Amino acid sequence: MADVVIAAPSRAVWRQPSLIWSGLGLCAIIAALTLTPVLFIIINSFNAAPPSENWRFGFDGWREAFGSPRTLAAIGYTFILNIRSVVAIAVAFLFSWLLVRVRIPGGNFIEFSLWIAYFLPSLPLALSWILLLDPNYGLINQFLKPLGIGFNIYSLLGIAWIHLTATTIPIMTILLAPVLRQLDASLEEAARMCGAGSWQTFRRVLIPLLSPALFTVFLASLIRGLEAFQVELLLGKPIGVFVYATRIYDLIQWEPPLFPQAMALSTLFLGLLFVLALFYQRFTSKRAFATISARGVSFRLMDIGRVRYAIAALLIVFVAISVYLPLVVLVVGSLMKLFGFFSIKDPFSTRHWMLVLSDPVFLSAIRNSIALGIGTAVIGLFCYCLIGYALVRTEVVGRSLVNLLVWLPWAIPGILLGLAFLWLFLSAPVFSPLYGSYLGLVLVLLIKEMPIGVHMTKTAFVQIAEELEQVGRVCGAQWFYNFRRIVVPLISPVLVSIFAIVFMGAVRDIDTIILVGTASTRPLSILMMEYSMAGEMQAASILGVILSLFAVAIALVSRKIGLRSAT
Amino acid sequence: MQPSLSAVILKAQGLSKSYNGVCALDQVSFEVYESEILVLLGPSGCGKSTTLRLLAGLERPDSGAVRLKETLVVDSQSGIFIPAEKRNMGMVFQAFAVWPHLTVEEHVAFPLLVRRCAKNEIAKRVHRALEFVGLAGLESRLSTQLSGGQQQRLALARALVYEPDILLLDEPLSNLDAQLRQQMRLELKNLQRQLGTTFIFVTHDQDEAMTLAHRVALMRDGKIEQLGTPDEVYDNPKSLFVHTFLGTSIRFEGKWREDGGSPCLELMNRSRLRLNALSDGTKIVAADGRALAALRAEDLQIVEERRPPQENEIEAEVRDVINLGDRYELALKACDTEFVLEVSKRHHVRAGELVLLAVDPARIRVWPM
């Protein structure tokens, strides 16, 4: 009957003296995992000593980092590239609104395609766009040459294009669609009945109602954008364009690595994100926003007549260009004798596939990828569920602190997270067995995926009415039995999604584990990165195809299972 | 203001709508008169909300037309479709649909704002509307800080402030608790009387329909089963469904007896019901002569004398006597039919006894089995 405000879920009264201890334990663990890298970064940014000597306080790192014109240029480029988030949020909002509210043919297919895009690693997509838009041999450019037009993928616009089509817009759409689904359609209809046309309804009702969600999604995309790294490295480096993240990476790649400078840049980055987070909190606490009706929302599709075919066509063209075209081109590219050279006689060959597939390095890499993915996803699911449940449904002490700490890994670029743990593994003998082991990699990936994982479980727990859980307890079920038989089945669709997201996040990750891993634990993604930086585009594109297959398979499985348990 | 039964403000013709192949509304036609309250009544899934949404313009009919005053607002044949926002109708939604990001004042000002009214005009009308629904003084509250009843008043003020031609109400009271519901029912009725606005009111609650309606349209399976004043549909139901849906319906199986006089129905326990004449609503066609007599509880009277039943009397066994304080509730059984009757405390009956019930022959409704 009453509306439930997401921000303030009612909590079960479930007090026990042990709550204090479990709360403190939870705080300690999460703090150790999340604050360690942050402190490491901040402390080392003030290290004025040469690499081989002991830590000594000084501002040298800061001075050098921000005195360098290359850093300033990188900040400038980062800013320019991230203007894409503004474009993307508008497009994504429109897409998700069309997908959720309007009856368009092929809506399921379009949404599924966006899910594939969400799971796809960005590096192989960049490879395939190189095939299409390389200024010299790009396929599209060869077609356009007679017309006197040409595109260059090695450019700011090229980088932005790949991000927009392959990551930013799909991710934003996927994040916004469920928010729109939860919004009671009668809120919009009420505005229309009051005489507000589509535009007025949109501007005065829809946008204000969704502004917290829009802001969250915008912020999330901005943060991802700020730390985006693979595409920037592949396409930016050849033309001397460095962004913030690649600049940090570049500093670490120096011999000896310029850690203090890299850390100083990262500290600023953390500070910036902290300010954004504060701003966000102030913004959302002012008024109560998105509400979910506990009675189930009235959910109706809008009938818009024949325009729906035009809209469907437009969206299908978008996913065709952003998802399927690069995938097909990638497959074609992987089957070429020489990557990108269509003009040579008889350009296709399966020789490279044979070579790669029979390479022991590849075989161990695919084993490593699967082990890492499943390990991270299984352990992650368990941990995130416990943390999410503790935050939403129990009264353990220190919940607000944990709530905050859980988000910290978002703010730490993967490369720095990896670096911090590399340092930890190497400097503390207790942890040294973790260096180069699966467990070490899984630990780092768990921290990396924690914000999204915990956030999703929290949302899921908030949404199942507390009575459903309490009734089980009243019936006499022990807490864990109840959790297993009532709570987990209720949120199982979400659990499947989390598993898929964490698995794919681990399989395609490059920046977080590139420093922590060794040759014996090297997964496909790292191998692909190494190939493509070494110029072995052929082998890189083959690995790209295989990773993309992973992504498509995961998207298919999660959709199938997620749908089945939802009905 | 009394409804004028001559001035038609809205006319719906042959409205049909199906969702995913399932027919929700099947060739529905009706007229709405100016200043009346028309209640669309029926069980869930009967198509009453769909009808309302088609009138509102929130959905397009598969076929059919709606004329509002002189304007054709939707017509499937000529492809005319005027969107919801241009129809100048008001609507109160089931869950009120108050916007959580606006204050009370901003809510009521919204429809005037989108109509580009002047600022002082808006202030004046908002104030008047809030005063009218009893929300004056709460202007700067956020809508989410209001109670259920207040949210509903807010939804009402928002829908009335721009003086719509017709106000559509989609089960507006179903989200309120029982006491508040009763109160709001009367308030709505008074409000309509003062304003003279035409209301089309959807509900599944027959009490609500009876209290509010000038006319009731009882719907079932996407069709209008019967349309008339509350008394008409209650007293002269056209079908057993209508009889059952409105008030209590006590049914007895029986057989026709031709004995020269007026039509007569013999029940299983040999009691005879003699009808004065066959009224319009009764159709007696079953070939085997079997029929179903339907009565209302208020048409049964306890006979004080203890004697064998005569014509138009039914003997019933008292299964249980429940004390309701000011009266008794009797659980009775006669001819395999179990039913409940409330009687005054002056009747002294005990469980296990037999009582004699006199039936008002004019009130008996008969349908074929």
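Our subject is the structure that appears above.
Our subject in this report is the structure included herewith. Predicted model, so just to flag it, every value in this text is computed and none were measured.

So, how was this worked out
Residues numbered from 1 in each chain as written. Chains lettered and ligands numbered in written order. Predicted model: local features only at pLDDT ≥ 70, side-chain atom pairs only at ≥ 80, totals over all residues. Helix = DSSP H or I, 4+ residues; strand = E, 2+ residues; numbered from the N terminus. Rg over C-alpha atoms; globule rule 2.2 N^0.38 Å. Buried ≥ 20, exposed ≤ 12 C-beta atoms within 10 Å, placed from the backbone. Contact = placed C-beta atoms within 7 Å. Nonpolar A, V, L, I, M, F, W, Y, C, P; charged D, E, K, R; others polar. Pairing = 2+ DSSP bridges. Axes fitted to C-alpha atoms, helices over the stretch in contact; angles between N-to-C directions. Parallel < 35°, antiparallel > 145°, perpendicular 65-115°, else oblique. Left-handed = near helix turned anticlockwise from the far one by under 90°. Core = buried A, V, L, I, M, F, W, Y, C linked by C-beta atoms within 7 Å.

### Regarding the overall build of chain A
Next up, step 1: In terms of helices and strands, chain A carries 25 helices and two strands.
Next up, step 2: The globule rule puts the C-alpha radius of gyration for 567 residues at 24 Å, and the 25 Å found for chain A is close to it.
Next up, step 3: Dimensions of chain A, computed from the C-alpha atoms along their principal axes, are close to 70 × 65 × 45 Å.
Next up, step 4: Relative to its full complement of 567 residues, chain A shows a buried share of 45%.
Next up, step 5: Taking contacts inside chain A between residues at least 6 apart in sequence as the whole, the part at least 24 apart equals 77%.

### Examining the interface of chain B and chain A
Next up, step 1: The interface is formed by 24 residues belonging to chain B together with 24 residues belonging to chain A.
Next up, step 2: Looking at the side of chain B that touches chain A, the elements with two or more residues in it are strand E7 (89-92) and helix H2 (104-114) of chain B.
Next up, step 3: Class assignment of the residues belonging to the side of chain B that touches chain A gives a composition of 15 nonpolar, four polar and five charged.

### Brief notes about the pairing of strand E13 (residues 264-267) of chain B
The side chains of a regular strand alternate between the sheet's two faces.
Residues and elements named next belong to chain B.
Next up, step 1: Residue alternation in E13 divides its side chains into a buried set, Leu 265 and Leu 267, and an unburied set, Cys 264 and Glu 266.
Next up, step 2: Sheet topology places strand E12 (residues 250-257) next to E13; four bridges connect them, and they run antiparallel. Of the residues in E13, the one forming a bridge with Gly 254 is Leu 267.
Next up, step 3: Where E13 folds back onto strand E14 (residues 272-274) in an antiparallel hairpin, the turn is made up of four residues, including Arg 270, whose phi is positive at roughly 75 degrees.

### Looking at the pairing of E12 of chain B
Next up, step 1: One ladder, built from six bridges, connects E12 of chain B with strand E15 (residues 290-295) of chain B; its direction is antiparallel. Looking at E15 of chain B, one finds that Lys 255 of chain B is bridged to Arg 290 of chain B.

### Side note on the sheet that holds E15 of chain B
All names here are of chain B.
Next up, step 1: Pairing within the open sheet is antiparallel, and its five strands lie in the order E14-E13-E12-E15-E21. Looking at strand neighbours, the two that pair on one side only are E14 and strand E21 (365-368), the edges of this open sheet. Neighbour-to-neighbour, the strand axes of this sheet turn through a mean angle of 40 degrees, independent of strand direction.
Next up, step 2: Relative to E14, E13 runs antiparallel, the two being bridged by three bridges. Its bridge partner being in E14, Cys 264 is matched across the sheet by Arg 274.

### Considerations on the sheet that holds strand E3 (residues 37-41) of chain B
Residue and element names in this part refer to chain B.
Next up, step 1: The sheet built from six strands is open, its strands ordered E7-E8-E9-E3-E10-E11 with mixed pairing. The open sheet terminates on both sides in strands that have one partner only, identified here as E7 and strand E11 (223-228). The mean angle between the axes of side-by-side strands here comes to 15 degrees, regardless of whether they run parallel or antiparallel.
Next up, step 2: In terms of strand pairing, E3 meets strand E10 (residues 215-220) through four bridges, oriented parallel. For Leu 40, the partnering residue across the bridge sits in E10 and is Ala 217.
Next up, step 3: Lying over the sheet, helix H4 (residues 148-160) contacts E7 and strand E8 (166-170), oriented at roughly 175 degrees with respect to E7.

### Some words on the packing of helix H3 (residues 119-133) of chain B against H4 of chain B
Residues and elements named next belong to chain B.
Next up, step 1: Where H3 meets H4, the axes come as close as 9 Å, and the angle between the chain directions of the two elements is 140 degrees. As far as their axial angle goes, H4 and H3 are oblique. In terms of crossing hand, the pair formed by H3 and H4 is right-handed. Listed contacts from H4 to Ala 129, Leu 130, Phe 132 and Val 133 of H3 are Arg 153, Leu 156, Ala 157 and Leu 160.
Next up, step 2: For the contact of H3 with H4, the residue count by class is seven nonpolar, no polar and one charged.

### Topic: the nonpolar core
Next up, step 1: Ranked by internal contacts, the top residues of the largest apolar core, which has 239 residues, are Ala 126 of chain A together with Val 39, Ala 157, Leu 168 and Ile 200 of chain B.
Next up, step 2: For this core, the element with the highest residue contribution is helix H20 (residues 438-463) of chain A, accounting for 13 residues.
Next up, step 3: Sequence-distant contacts of Ala 126 of chain A, defined by excluding residues within four places in its chain, comprise Ile 162, Val 231, Leu 234 and Leu 235 of chain A.
Next up, step 4: Judged by nonpolar contacts, the second largest core, of 23 residues, contains Ala 291, Ala 293, Leu 300 and Leu 330 of chain B.

### What about the environment of Val 359 of chain B?
All names here are of chain B.
Next up, step 1: Inspection of the secondary structure assignment puts Val 359 in strand E20 (residues 354-359).
Next up, step 2: Exposure remark for Val 359: the 21 C-beta atoms within 10 Å place this residue in the buried category.
Next up, step 3: Here the alpha-carbon distance between Val 359 and Gly 57, two residues 302 residues apart in the chain, equals 48 Å.
Next up, step 4: Residues within four places of Val 359 in sequence aside, it is in contact with Leu 273, Leu 295, Asp 299, Leu 300, Asn 312, Glu 313, Ile 314 and Ile 364.

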